[in-house]
Amino acid sequence: MLLEIRDIHVHYGKIAALKGITASVDEGEIVTLIGANGAGKTTTLKTISGLRSLTRGSIEFDGRDISKMPGHKRVLAGIGQSPEGRGIFPGMSVEENLLMGAFSRKDDASKELAEAYELFPRLAERKTQAGGTMSGGEQQMLAIGRALMAKPKVLLLDEPSMGLAPMLVQQIFSIIQEINRRGTTVLLVEQNAQQALQIAHRAYVLETGRVVKSAPASRLLDDPEVRAAYLGGELGEAAASPAAAPAPVDAPDPGATVTDAPASGAAPEGSEEDASS
Ligand SMILES: Nc1ncnc2c1ncn2[C@@H]1O[C@H](COP(=O)(O)OP(=O)(O)OP(=O)(O)O)[C@@H](O)[C@H]1O
Ligand SMILES: [Mg+2]
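My aim in this report is to walk through the structure given alongside it, one point at a time.

Here we come to the packing of helix H3 (residues 94-101) against helix H6 (residues 136-149). When two helices pack together, you describe them by how their axes are tilted relative to each other and by the distance separating the axes. Contact geometry of H3 with H6 gives a least axis separation of 6 Å together with a crossing angle of 40°. One way to sum up the angle between H3 and H6 is to call them oblique. Handedness of the H3/H6 crossing: right-handed. Across the interface between the two elements, Val-94, Asn-97, Leu-98, Met-100 and Gly-101 of H3 pack against Leu-142, Gly-145, Arg-146, Ala-147 and Met-149 of H6. For the contact of H3 with H6, a count of residues per class yields 6 nonpolar, 3 polar and 1 charged.

Listed below in structure tokens is the structure:
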């Protein structure tokens, strides 16, 4: 296993947010954590990246115990995170923001930069624009692109679809699949359980700081309890509801990239299609 979390307990003051989570991510997988608000999904990711410390348990990454390793060393070891709230440097250009992602590396980052632009053509169009003036969806792309610049072995994603318009949600999920196909292991946290389960290999269901289920993602899509609690209904019902049904994607090919500009040409400056903040 690339990442092994064993019986981790995490507290905020006296409040136990994680009460013994055990989970693993194998190289090449997309694994998703689903669960209600407050279940401990973000805390789990923060603990893996070193932003929260353990009160009990251990985390092993790439054959090493990283339980006490400082966060910046975990980045060097290959743990990439696109932070909550995106964490864009607002005054820096898109390209400078991307290059910040490679800051900890000593080698040349031009290949990764080209790859980020290939995955997110919108970022290539906006290289010189200030990060803070990008739309919510564009900032989300920028945050993911920046995390990839460090060439992580595993990419931790916390609600990448949050606040995005439905069209962009589809595209972000396609991109995550593409990132995985290109060799990056992904640990994905999502409220959008239906779509997360559709792209993931395996999934864990968290409830109040504990894992209550773990299974291949396809099995959880058919699990009546999971359907009732997280997929908005009984078997069949969710599939029939427009909200849960996969929306048509412009480019359903596996190599899909995020281009929400009209096919006829570049979108006019300031025209935004996502409804995020
Ligand atoms: N900084 C904090 N101080 C105190 N309690 C916190 C803090 N951050 C999280 N918690 C608590 O820890 C528990 C787990 O929170 P966490 O953010 O991990 O949940 P989550 O599964 O990511 O939820 P959501 O789906 O709403 O993002 C919650 O009860 C939350 O109130
Ligand atoms: Mg969260």
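Having seen the model, we can carry on.
Okay, H6 next. In a regular helix each residue adds 1.5 Å, so 14 residues correspond to 20 Å; H6 covers 20 Å between its end C-alpha atoms and thus fits that length. With 13 of 14 residues buried, H6 lies mostly within the body of the structure. One or two steps after H6, the chain reaches Lys-151, where phi turns positive at roughly 50°.

In this section: the packing of helix H4 (residues 110-119) against H6. Relative to each other, H4 and H6 sit at 150°, their axes nearing to 9 Å. Between H4 and H6, the interaxial angle falls into the category roughly antiparallel. When you trace H4 past H6, the crossing you get is right-handed. Facing Glu-112, Ala-116 and Leu-119 of H4, the residues of H6 in contact are Gly-145, Leu-148 and Met-149. Classifying every residue of the contact of H4 with H6 gives 4 nonpolar, 1 polar and 1 charged.

The phi dihedral of Asp-7 falls on the positive side, at around 50°, and the residue is not glycine. For Asp-7, the location among the structural elements is in strand S1 (residues 3-12). At Thr-208, a position not held by glycine, the phi torsion is positive, near 35°. Its location among the elements puts Thr-208 in the loop between strand S9 (202-207) and strand S10 (210-216). Looking at Thr-208, the number of C-beta atoms within 10 Å reads 14, which means it is partly exposed.

In terms of burial, strand S8 (residues 185-189) is largely enclosed, as 5 of its 5 residues are buried. Taking every second residue as pointing to the same face, both faces of S8 are buried, with Thr-185, Leu-187 and Val-189 on one and Val-186 and Leu-188 on the other. Two elements, strand S3 (residues 30-35) and S8, share 4 bridges in a ladder whose sense is parallel. If you follow Ile-30 over to S8, its bridge partner there is Val-186. The pairing of strand S7 (residues 154-158) with S8 spans 5 bridges and is parallel. Paired with Leu-157 across the two strands is Leu-188, which belongs to S8.

As for its placement among the helices and strands, Tyr-230 is situated in helix H10 (residues 224-230). The class for Tyr-230 is buried, based on 22 C-beta atoms found within 10 Å. Considering only alpha carbons, one finds Tyr-230 and Gln-194, 36 residues apart in sequence, at a separation of 7.9 Å.

Attention now goes to the environment of Ile-176. Position of Ile-176 relative to the elements: it lies in helix H7 (residues 166-181). We classify Ile-176 as buried; it has 25 C-beta atoms within 10 Å. Here Ile-176 is in contact with Leu-157, Pro-160, Val-186, Leu-188 and Ile-199, once residues within four sequence places are set aside.

Let's shift gears to the site of ligand 1. Around ligand 1 sit Tyr-12, Ile-15, Ala-17, Gly-35, Asn-37, Gly-38, Ala-39, Gly-40, Lys-41, Thr-42, Thr-43 and Gln-191, and those are all the residues in its vicinity. Mapped by element, the contributors of at least two residues to the shell around ligand 1 are strand S2 (15-25) and helix H1 (41-49). The residue makeup of the shell around ligand 1, split by class, is 4 nonpolar, 7 polar and 1 charged.

Next up on the list: the sheet that holds S3. With respect to topology, 6 strands assemble into an open sheet ordered S6-S7-S8-S3-S9-S10, the strand pairing being mixed. Across the chains shown, the open sheet's two edge strands, defined by having one partner strand only, are strand S6 (79-82) and S10. Adjacent strand axes in the sheet meet at a mean angle of 20°, parallel and antiparallel pairs treated alike. Against the sheet, H1 makes contact with S3, S6, S7, S8 and S9, and its axis sits at roughly 145° relative to S7, the strand it touches most. Helix-sheet contacts for H6 involve S6 and S7, and the interaxial angle to S6 is about 165°.

Basis of the calculations
Starting afresh in each chain, residues are numbered from 1 along the sequence in its written order. Working convention: letters from A go to chains and numbers from 1 go to ligands, in the order in which they are written. Only residues with pLDDT of at least 70 get local features here, since the model is predicted, and only at 80 or more are side-chain atom pairs given and counted; chain-wide, interface and lining totals rely on the full set of residues. Fitting a line to C-alpha atoms yields each axis, with helices limited to the stretch in contact; the angle taken between N-to-C directions then spans 0 to 180 degrees. Working definition: helices are DSSP H or I runs of at least four residues, strands are E runs of at least two. Numbering for both runs from the N terminus. Any angle from 65 to 115 degrees is called roughly perpendicular, while one under 35 is roughly parallel, one over 145 is roughly antiparallel, and all others are oblique. Left-handed describes a crossing whose near helix is turned anticlockwise from the far helix through less than a right angle; right-handed describes the clockwise counterpart. What counts as a contact here is a pair of residues whose C-beta atoms, placed from the backbone, lie within 7 Å. Only Asp, Glu, Lys and Arg are considered charged, only Ala, Val, Leu, Ile, Met, Phe, Trp, Tyr, Cys and Pro nonpolar, and every remaining residue, Gly among them, polar. One less than the residue count of a helix, multiplied by 1.5 Å, gives the span that helix is expected to have. To assign burial, the other C-beta atoms lying within 10 Å of each residue's own C-beta are counted, with C-beta atoms placed from the backbone; 20 or more indicates buried, 12 or fewer indicates exposed, and intermediate counts indicate partly exposed. Two strands pair if DSSP finds at least two bridges between them. We call a residue near a molecule or strand when its C-beta atom, built from the backbone, sits within 6 Å of it.

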